[in-house]
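Descriptive structure summary
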Amino acid sequence: MTRRLTVLFLAALLPLLAGAGQAGAAGYRYWSFWEQDGTAWTYATTGPSSARPADGDVHGFRFSVSEDSSDAAKPRGAADFDAICAKTPAREGEKRVALVIDFGTPADAPSGETPPDGRTACARVAEDATTADALASVAKPLRYDTNALLCAISGYPKKGCGEQLSAEKDPAAAEESKPADSGPSLGLIAGITLVALLATAAIWQTRRRAG
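Bear in mind the structure is a predicted one, so any value in this text is a computation, not a measurement.

Section: the pattern of salt bridges
Overall, the coordinates contain 6 salt bridges when judged by the stated rule. Of the charged contacts in the structure, one is a salt bridge between arginine 91 and glutamate 94, with a shortest N-O distance of 3.6 Å. Given a relative accessible area of 45%, arginine 91 falls into the partly exposed group. Its salt-bridge partner being arginine 124, residue glutamate 94 comes within 3.7 Å of it at the nearest N-O pair. Taken together, the residues span a long stretch of sequence, with glutamate 94 in strand E4 (residues 94-102) and arginine 124 in strand E5 (residues 119-126) at a distance of 30 residues. Connected through salt bridges with shared partners, the residues Arg62, Arg76 and Asp102 form a single ionic network.

Quick look at the structure:
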């Protein structure tokens with residue numbers, strides 16, 4: 001019985017040890033695009049360069065680190081069209097789009113950068129304008145990559161575009177925190193030592209019973 005329990009324990013422990021040195025879940029640092037549905041934010045199914053809002057729509061942008069759309073952070077702050085566009089009257093042949101721009105938190109900012117305060121803006125653009133057109137009219141400079149991915153709003157961030165990060169979120173900081181010797185961690189060594197001791201105990205128990 002003792003030997004069986006030991007074997008079962010080792011079988012359960014080894015997968016944990018195998019994953020001990022693996023990095024945490026990866027995330028991406030990027031501008032996410034949102035549309036307001038009533039009073040709730042929904043993750044946009046198209047990019048801002050393809051979306052064509054109607055007069056009275058509210059669209060939002062949030063800079064953050066997330067794994068995918070399911071855990072992406074939503075824009076913060078007031079998102080009421082009447083309040084945002086109160087001082088921008090309607091005009092024939094044009095439409096008004098309320099925009100909420102959330103530059104995120106210091107924790108999600110690239111190394112050496114500080115996120116500006118979030119803001120709202122009312123863009124008055126041509127009737128066939130896209131959300132990207134509306135954003136460009138109130139939040140220049142914008143920066144895109146070669147795949148038309150939105151990289152920066154009002155010049156933030158200064159560099160980078162949708163880069164993948166480790167669980168530490170800042171690759172540079174994670175690299176600096178590594179010890180000079182990048183060998184196995186103490187936790188992993190301790191785990192391996194424990195496995196060896198348990199294996200020795202199992203062999204000793206087997207020989208004892210045989211004797």
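Re the pairing of strand E2 (residues 40-43)
Here strand E1 (residues 27-37) runs beside E2; their pairing, made up of 4 bridges, is antiparallel. When the bridges of E2 are listed, glutamine 36 appears paired with tryptophan 41. In textbook terms, the turn of a hairpin is the stretch between consecutive antiparallel strands, and for E1 and E2 this stretch comprises 2 residues, one of which, glycine 38, has a positive phi near 75°.

Digging into the packing of aromatic side chains
Under the counting rule described, the total for this entry stands at 6 aromatic pairs. For the ring pair tryptophan 31 and phenylalanine 103, a centre distance of 5.5 Å and an interplane angle of 80° mean the geometry is edge-to-face. In this pair, tryptophan 31 is assigned in strand E1 and phenylalanine 103 in the loop between E4 and E5, connecting sequence segments 72 residues apart. Exposure remark for phenylalanine 103: the relative accessible area of 2% places this residue in the buried category. Ring geometry for phenylalanine 33 against phenylalanine 61: centres 5.1 Å apart, planes inclined by 20°, an arrangement best described as stacked. Placement of phenylalanine 33 in strand E1 and of phenylalanine 61 in strand E3 (residues 58-66) is noted, with a sequence separation of 28 residues between them. Since its relative accessible area comes to 6%, phenylalanine 33 is described here as buried. Taken together, Trp31, Phe63, Phe103 and Tyr156 form an aromatic cluster joined through their ring pairs.

A closer look at the side chain of serine 32
One can find serine 32 in strand E1. Taking the relative accessible area as the measure of exposure, serine 32 reaches 1% and is therefore buried. Engagement of the side chain of serine 32 in a polar contact is seen with the side chain of tryptophan 34, the distance being 2.8 Å. When neighbours within four sequence positions are excluded, serine 32 is seen to be in contact with Tyr43, Gly60, Phe61, Arg62 and Ala73.

Things to note about the pairing of E1
Where E1 and strand E8 (residues 164-165) come together, 2 bridges link them in antiparallel fashion. Within E8, the residue paired with glycine 27 across the bridge is leucine 165. Examined bridge by bridge, E1 and E3 share 8 bridges and lie antiparallel to one another. Bridge assignment links tryptophan 34 to a residue of E3, and that residue is glycine 60.

Overview of the confidence of the model for the chain
On average, residues of the chain score 80 in pLDDT, and 67% of them reach the 70 mark or higher. pLDDT under 50 marks residues 5-24. Its contacts with residues more than four places away, or in other chains, come to 14 contacts. Taken together, the stretch residues 168-186 has pLDDT below 50 and engages in 9 contacts with residues farther than four places along the chain or on a different chain.

Focus on the environment of arginine 124
Judged by its relative accessible area of 28%, arginine 124 falls in the partly exposed class. Put simply, arginine 124 and aspartate 55 are 69 residues apart on the chain and 8.9 Å apart in space, counted from C-alpha to C-alpha. Those residues in contact with arginine 124 that lie beyond four places of it in its chain are Thr88, Pro89, Arg91, Glu94, Lys95 and Arg96. Separated by 2.7 Å, the side chain of arginine 124 and the backbone oxygen of proline 89 make a polar contact.

Re the side chain of serine 66
With respect to the helices and strands, serine 66 occurs in strand E3. A polar atom in the side chain of serine 66 sits 3.2 Å from the side chain of tyrosine 30. Residues within four places of serine 66 in sequence aside, it is in contact with Gly27, Tyr28, Tyr30, Asp71 and Ala72.

The rules behind these values
Residues numbered from 1 in each chain as written. Predicted model: local features only at pLDDT ≥ 70, side-chain atom pairs only at ≥ 80, totals over all residues. Heavy atoms only, no water. Salt bridge = Lys/Arg side-chain N within 4 Å of Asp/Glu carboxyl O. Buried < 20%, exposed > 50% of the residue type's maximum accessible area, 1.4 Å probe, protein only. Helix = DSSP H or I, 4+ residues; strand = E, 2+ residues; numbered from the N terminus. Pairing = 2+ DSSP bridges. Phe/Tyr/Trp six-rings, centres within 6.5 Å; stacked < 30°, edge-to-face > 60°. Polar contact = N/O pair within 3.5 Å; in protein donor to acceptor, adjacent residues only side chain to side chain. Contact = heavy atoms within 4.5 Å. pLDDT = per-residue confidence, 0-100.

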